[in-house]
Amino acid sequence: MKKHLIFFFLLATLIACKDHTPSTHTKTHGLITQQAMVVSAREEASQIGSDILKKGGNAFDALAATELALAVAFPYAGNIGGGGFMVYRLNSGEIGALDYREKAPLAASKNMYLDENGNVVPNKSTLGALAVGVPGSIAGIFETHQRFGTLPLEDIVQPAIDLAKRGVVVTEKQEQRIKKYQPLFREVNKDSIIFDEIWKTGDTIYYSALASTLERIKINGPSEFYEGETAKKLVDFINENGGSFTMEDLKKYKPVWRKPIVFKYDSLKIISMSPPSSGGVCLAQIMKMIEPYDIHEYGHNSKKTIQVIVEAERRAFADRSYYLGDPDFVDIPLDKITDSLYLQNRMDTFTFTKPTPSTDISHGSIEFSESNETTHFSIIDSFGNAVSVTTTINGAYGSKLYCSELGFFLNNEMDDFSSKPGEPNMFGLVGAEANNIAPEKRMLSSMTPTIVEKNGMLYMVLGTRGGSTIITSVLQTILNVHEFGMSMQDAVDAPRFHHQWLPDVVQFEEKKFSNTFKREIEDLGYQVTDYDNPSLGNMVGILVLKNGHLEGGADKRGDDTAVGF
């Protein structure tokens, strides 16, 4: 009897302490620093954030400086004409989240993108002024600084102004992006814009109009953007281009502090964004559904590992489409759809012998009682505070509408609403009534800024861009470190795959999986397609090493760069 007790005690201990050993292959490490780090989509922005930390600023000071710098250096997704989400963890262990997602203007209506026959009008929610939601980025930056910042705002805004004036060097990837979207710039904008010019790698783009806008914001604070000269110019510009904005739309905008989604996975505590982001909820559902399976033993990107993850993703995205929306407008049964028993029941139909067709899966059955282009940056400061921030104008260069007088692109976030329940948006995501359009409502998002603790200590800060693939990319990066013992750099660079319920297809990163392997997946009954690299996101993360040093993972798919000291 004693022997049996000892055996069960040891078994329980092993299960409780499940902590996978590093993989045997040679690791590629990213930048390693001792005290602090910023990882973002452009080196210029990471450097500005790191400089703020060197001056004695904290993670929230660096957040503001980095986000404004990205608005200059990375107009593809960095912005002051969009919005975002921030998850934080203080060195005390306190956690929280800020929602500065865009909102529908007061003139918005449920059927505003439908024709007289009730069909979605192509491009109406993606291109031009009618696609624009009320921006939240400036409000979010200042709200964060007001609560947690320590340095004067002038010191934080000025580096972005200086960057705009001295110009930003065009990278090879930026040259390709500008060239790709120039036809749409010319289609949407009445007059020529700076991005209509032929820009080559090594050229310098000067953003003098944006510098002037930031100068006014530095002097007058967020009221400049929401009530001042900038607000008036913005409203006039949107309306001149066929939109329907008012000064009241801007004046009424307020960011919202939210309670983040928190859940356990093995020895990890995951802290992620809550609705109107679907990221944290879907991440919780997927990770809880796969936790009973020993994917560490199955192997990284093996057939069995991919099967388990794909089937969990399929079920989570089905729930996403039905239940999730702006929590200020709809009741979301968060506790029930993230409950372990509920999720276990969702996986009861899974078998390794064949896929579960998405046509056989709708949202899960519960008792309901009444009561996606982005950019991400991760920061850890020398005090031990951490922030994970994803900000967006939605599609590449947003609505493609560029205000030359103010110097920035405007978002096309209205496409993230359900223009018509059951119809897919630009990322192929199908929505339902919970995410329909209403004045002042925040649209559903896939953004998944995430912080991970291990044994009560800060462990990872990560996130990515990539529309609907954000959730699955963050998932796989966490698993790559935790289950497969990768370095942070290897984890963000590793080949990725994606499934989102509808369309019912497993999307593999292009040229990263062999044709033989993909045929083996097809032989199991799955439909398979390739996904080009940019669409599968640019992961950026920071891993706290055992000695307390920091390793940055800057995705090689983009111009992402880690800077620190």
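Values in this document were obtained by computation on a predicted structure and should not be read as measured data. (Residues numbered from 1 in each chain as written. Predicted model: local features only at pLDDT ≥ 70, side-chain atom pairs only at ≥ 80, totals over all residues. Heavy atoms only, no water.)

## Thoughts on the packing of helix 11 (residues 279–290) against helix 13 (residues 303–323)
Part 1 of the argument: Their axes nearest at 9 Å, the elements helix 11 and helix 13 cross at an angle of 145°. The crossing of helix 11 and helix 13 is right-handed. Contact residues: helix 11 offers Cys282, Gln285, Ile286, Met289 and Ile290, while helix 13 offers Val308, Ile309, Ala312, Glu313, Arg315, Ala316, Asp319 and Arg320. (Axes fitted to C-alpha atoms, helices over the stretch in contact; angles between N-to-C directions. Helix = DSSP H or I, 4+ residues; strand = E, 2+ residues; numbered from the N terminus. Left-handed = near helix turned anticlockwise from the far one by under 90°. Contact = heavy atoms within 4.5 Å.)

## Some words on the UniProt feature "active site" (unreviewed entry) in the protein chain
Part 1 of the argument: As annotated by UniProt and renumbered to match this structure, "active site" (unreviewed entry) occupies Thr374.
Part 2 of the argument: Counting through the fold element by element, threonine 374 comes out in strand 10 (residues 374–380).
Part 3 of the argument: The exposure class of threonine 374 is buried, given its relative accessible area of 1%.
Part 4 of the argument: What threonine 374 contacts, discounting residues up to four positions off in sequence, is Ala77, Thr390, Thr391, Thr392, Asn394, Met447, Thr464, Arg465, Gly466 and Ile470.
Part 5 of the argument: Within polar-contact distance, the side chain of threonine 374 engages the backbone nitrogen of glycine 466 at 3.5 Å. (UniProt positions renumbered as here; feature names shortened; annotations may be inferred. Buried < 20%, exposed > 50% of the residue type's maximum accessible area, 1.4 Å probe, protein only. Polar contact = N/O pair within 3.5 Å; in protein donor to acceptor, adjacent residues only side chain to side chain.)

## So, the sheet that holds strand 7 (residues 256–258)
Pairing between sheet strands relies on hydrogen bonds along the backbone, with the strands arranged either parallel or antiparallel.
Part 1 of the argument: Ordered by their spatial adjacency, 7 strands build an open sheet running 7-4-3-11-10-2-21, and the pairing between neighbours is antiparallel. Here the strands that pair on one side only, and so sit at the sheet edges, are strand 7 and strand 21 (561–564). Direction aside, the axes of adjacent strands within the sheet are offset by 15° on average.
Part 2 of the argument: Across 3 bridges, the pairing between strand 4 (residues 95–100) and strand 7 is antiparallel. Paired with leucine 98 across the strands is tryptophan 257, a residue of strand 7.
Part 3 of the argument: Contacting strand 2 (37–40), strand 3 (83–89), strand 4, strand 10 and strand 11 (386–392), helix 3 (residues 59–73) crosses the sheet at an angle of about 150° to strand 10. (Pairing = 2+ DSSP bridges.)

## Describing helix 2 (residues 43–54)
Part 1 of the argument: With 12 residues, helix 2 should cover 16 Å at 1.5 Å per step; its first-to-last C-alpha distance of 16 Å lies within 8% of that length.
Part 2 of the argument: Among the residues making up helix 2, those that are buried are Ala45, Ser46, Ile48, Gly49, Ser50, Ile52 and Leu53.
Part 3 of the argument: Where the residues of helix 2 are buried, they touch strand 2, helix 3, helix 5 (153–166), strand 10 and strand 21.
Part 4 of the argument: Remark: glycine 56 follows helix 2 within two positions and exhibits a positive phi of approximately 100°. (Expected span 1.5 Å × (residues − 1).)

## Overview of the domain arrangement of the protein chain
Part 1 of the argument: Domain parsing of the protein chain yields domain 1 (44–84 + 94–113 + 120–254 + 406–436) and domain 2 (258–363 + 448–564).
Part 2 of the argument: Measuring from the centre of the C-alpha atoms in domain 1 to the corresponding centre in domain 2 gives 27 Å.
Part 3 of the argument: Across the boundary between the two partners, domain 1 contributes 22 residues, which contact 29 residues of domain 2.
Part 4 of the argument: Carbon and sulfur atoms make up 59% of the surface buried where domain 1 meets domain 2, a total of about 2000 Å² over both sides.
Part 5 of the argument: Counting the contacts that link domain 1 with domain 2 gives 2 salt bridges.
Part 6 of the argument: Between aspartate 99 and arginine 258 there is a salt bridge, with the nearest N and O atoms lying 3.0 Å from each other.
Part 7 of the argument: Where domain 1 touches domain 2, the interface holds 4 residue pairs in polar contact (both at pLDDT 80 or more).
Part 8 of the argument: Counting residues per element, the ones that place at least two in the side of domain 1 that touches domain 2 are helix 2, strand 4 and helix 6 (172–188). (Domains from an automatic or database assignment. Buried area = accessible area lost by both parts, 1.4 Å probe. Salt bridge = Lys/Arg side-chain N within 4 Å of Asp/Glu carboxyl O.)

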